[in-house]
Amino acid sequence: MLAATACTSTSVEHFITIDPPDASVYINGVRSGKGDRRIHVLDFSQAERVWIQAVHRDFHPEALPLDRRTLERMVSARTDVTISLGRR
Amino acid sequence: MGNFKIQKAALAAVVCFGLTACEGIPMKTFEFDAIDLDEEKRAALIVVGDGGESWSTATSKQQVVNHGDVETLRLEVPFQSREITVHVWPLGESGDVPRSPGEARNMVSDYKKQTRQLRLNDPARQLFILDPK
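Remember, predicted model here, so these are calculated numbers, not experimental data.

**Q** Just give me the short version of the environment of Ser109(B), but keep the residues and values in it.
**A** Residue and element names in this part refer to chain B. Secondary-structure assignment places serine 109 in the loop between α3 (101-106) and β6 (114-119). By relative accessible area, which is 9% here, serine 109 ends up buried. Other than its neighbours up to four places away in sequence, serine 109 contacts Pro90, Leu91, Gly92 and Lys133.

Here is the structure:
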């Protein structure tokens, strides 16, 4: 996992896990794949926060704003960004 | 001594210019969009701030997304405080744009209103995922 997560001056690569895993993930309003545990690039070059959103037709959608400091703490603690959607 | 005075005056001018430039209200252009749970685009009214003035601005300027010829809405937003509130009112089947919060509450829409606090340094693209009632 340490090999898989990385930080550059403008972006952080880290695991995002959504429950359910077949939910769609949007980062800063752009679709970024499905919700199964996978690495996403979180870009801080243009903004101080990234907005992570998850959507699935059978669940309530969620939006999570994350600042870089919080994300880097999660990387250090080896904690995934996790969003659990509530069933409708 | 003369040079020192000139330097001081130049420095004061620079500081004064800097302060004047900073006194203006910071502005940021956001791009708003709205989708539903099937990730299909949905029509909505974007209201920035609270109160009647925000509503009259939103309706007079037709701050809508996915409505008529408009898809995403690019909107320059003033930041008079650290955070601003953005309300997203889903439009009903008729596509009519409500003129007040009261009219919006009575409007028949299958989706709930959403509210988000935005900061000056947030990403420019702001997507709202509308939740059915």
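Read on, since the account is not over.
**Q** Talk me through helix α2 (residues 52-60) of chain B; I want residue IDs and the actual numbers.
**A** Residues and elements named next belong to chain B. Those residues of α2 not exposed but buried are Ser54, Trp55, Ala58 and Thr59. Projected onto a plane normal to the axis of α2, the buried residues spread over an arc of 120° and lie on a single side. Pointing more than 90 degrees away from the buried face of α2 are the exposed residues Gly52, Glu53 and Ser60. The inward-facing, buried residues of α2 abut β2 (44-48), β5 (83-90) and α3.

**Q** Just give me the short version of the pattern of salt bridges, but keep the residues and values in it.
**A** For the structure on display, the rule yields twelve salt bridges over all chains. For the salt bridge of Arg68(A) with Glu72(A), the shortest nitrogen-to-oxygen distance reads 2.7 Å. Here the residue Arg68(A) and the residue Glu72(A) both occupy positions in helix α1 (residues 68-76), the gap between them amounting to four residues, near one helical turn. Residues participating in the shared-partner salt-bridge network are Glu31(B), Asp33(B), Lys41(B) and Arg125(B).

Calculation rules
- Residues numbered from 1 in each chain as written.
- Chains lettered and ligands numbered in written order.
- Predicted model: local features only at pLDDT ≥ 70, side-chain atom pairs only at ≥ 80, totals over all residues.
- Heavy atoms only, no water.
- Helix = DSSP H or I, 4+ residues; strand = E, 2+ residues; numbered from the N terminus.
- Buried < 20%, exposed > 50% of the residue type's maximum accessible area, 1.4 Å probe, protein only.
- Contact = heavy atoms within 4.5 Å.
- Arc of directions from axis to C-beta.
- Salt bridge = Lys/Arg side-chain N within 4 Å of Asp/Glu carboxyl O.

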